[in-house]
Amino acid sequence: MLVFNEEAHEARKEELMKKCYECFAENGLSSTGIRTLGKFCGCNPATLYLYFKDLDDLIIQSTEYCMSKVEDEFMGRAPKNVSDLEKFINETPYWTAEEHGKKYRLMYQVYTHPKYREYGKKFFEGVNKRYTEYAKQLSEKIKIPSDTLTSLIFIFVRACVHYALFEDEFYLQEQLRFIKQSIYLNSTT
């Protein structure tokens, strides 16, 4: 008798989402079909239908899952105290571009597609809540009011993502300059 192991099923699904998202990021959304995904994952394409109802479901779930992991990794690097702040601000945009640039490009390709926009709105509503909550937690550690910190987090993340997408050094440096000035002003009041 075959026994269904939910934990193993979820672990395999997560592995497939990571691999499929990587394949989409490498090859583009429109040029990647189920056969290409199966080959990239080292499985029969039909196996993917054991985890996802169709290609759209795979795209939606893998985008949300993988970008949530990117977000977790990004926020995991956040400063633990005031002395870590400047290093974090200076290094993170370049790390993000190197590590996740392709993933960000794919995320925008997915979430700006008319077919997936509603999923993008839902995902970013979650991002808004998580970053706001994170600002509250971080506020005490780095001595900046949480409402100010929430705004700075959004500006910083946007600057990092913009840099990852376009490697626009001028835009990045202007945003970082504004963030540093805001931190300075908030730390002297």
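Scroll up a little and you will see the structure.
Only a predicted model underlies this, so the values are computations on that prediction, with no experimental measurement involved. (Residues numbered from 1 in each chain as written. Predicted model: local features only at pLDDT ≥ 70, side-chain atom pairs only at ≥ 80, totals over all residues. Heavy atoms only, no water.)

**Q** Hey, could you run me through the layout of surface pockets in this one?
**A** Rolled over the atoms, a probe as big as a water molecule pinpoints where empty space is left. Considering only enclosed or pocket space, the largest pocket measures out at about 300 Å³ in volume. Together, 16 residues line the largest pocket, and Tyr-108, Phe-124, Val-127, Val-157 and Val-161 are the ones closest to its centre. Those elements that place two or more of their residues in the lining of the largest pocket are helix H4 (55-76), helix H5 (82-111), helix H6 (117-142) and helix H7 (146-166). Each residue belonging to the lining of the largest pocket can be placed in one class, and the counts come to 13 nonpolar, one polar and two charged. Volume-wise, the second largest pocket comes out at about 200 Å³. Glu-26, Glu-99, Gly-101, Lys-102 and Lys-103 are the residues nearest the centre of the second largest pocket, which is lined by 15 residues in total. Put simply, the parts of the chain that give the lining of the second largest pocket at least two residues each are helix H1 (6-27) and H5. Tallying contributions element by element places H5 first for the lining of the second largest pocket, with eight residues. Split by residue class, the lining of the second largest pocket holds four nonpolar, two polar and nine charged. (1 Å grid on protein atoms, 1.4 Å probe; cavity = no way out; pocket = protein on both sides within 12 Å on 5 of 7 lines; lining within 4 Å. Points joined across faces, edges and corners; volume = space filled by probe spheres on them. Helix = DSSP H or I, 4+ residues; strand = E, 2+ residues; numbered from the N terminus. Nonpolar A, V, L, I, M, F, W, Y, C, P; charged D, E, K, R; others polar.)

**Q** What is the right way to read the side chain of Lys-13 from this model?
**A** Structurally, Lys-13 can be placed in helix H1. No salt bridge is formed by the buried Lys-13. Its closest oppositely charged neighbour is Glu-10, at 4.8 Å. (Buried < 20%, exposed > 50% of the residue type's maximum accessible area, 1.4 Å probe, protein only. Lys, Arg positive; Asp, Glu negative; His and termini not counted. Salt bridge = Lys/Arg side-chain N within 4 Å of Asp/Glu carboxyl O.)

**Q** It is not clear to me how the packing of H1 against H5 should be interpreted in this structure. Could you clarify?
**A** Each packed pair of helices is defined by two parameters, the angle between the axes and the distance between the axes. Packing of H1 against H5 brings their axes to within 9 Å, and their N-to-C directions diverge by 85 degrees. As the angle between them shows, H1 and H5 are arranged roughly perpendicular. Contact residues: Tyr-21, Phe-24, Ala-25 and Glu-26 in H1; Lys-102, Lys-103, Leu-106 and Met-107 in H5. Taken together, the residues that form the contact of H1 with H5 break down as five nonpolar, no polar and three charged. (Axes fitted to C-alpha atoms, helices over the stretch in contact; angles between N-to-C directions. Parallel < 35°, antiparallel > 145°, perpendicular 65-115°, else oblique. Contact = heavy atoms within 4.5 Å.)

**Q** Where do I start with the packing of aromatic side chains in this structure?
**A** Each aromatic ring pair is specified by the distance between its two centres and by the angle formed by the two planes. Evaluated as defined, the whole model comprises eight aromatic pairs. One cation-aromatic arrangement involves Arg-77 over Trp-95; the distance from NZ or CZ to the ring centre is 4.1 Å. The ring of Phe-123 has Arg-130 sitting right over it, with the charged end atom 5.8 Å from the ring centre. (Phe/Tyr/Trp six-rings, centres within 6.5 Å; stacked < 30°, edge-to-face > 60°. Lys NZ or Arg CZ within 6 Å of the ring centre and 35° of its normal.)

Read these as spatial facts, not as claims about activity.
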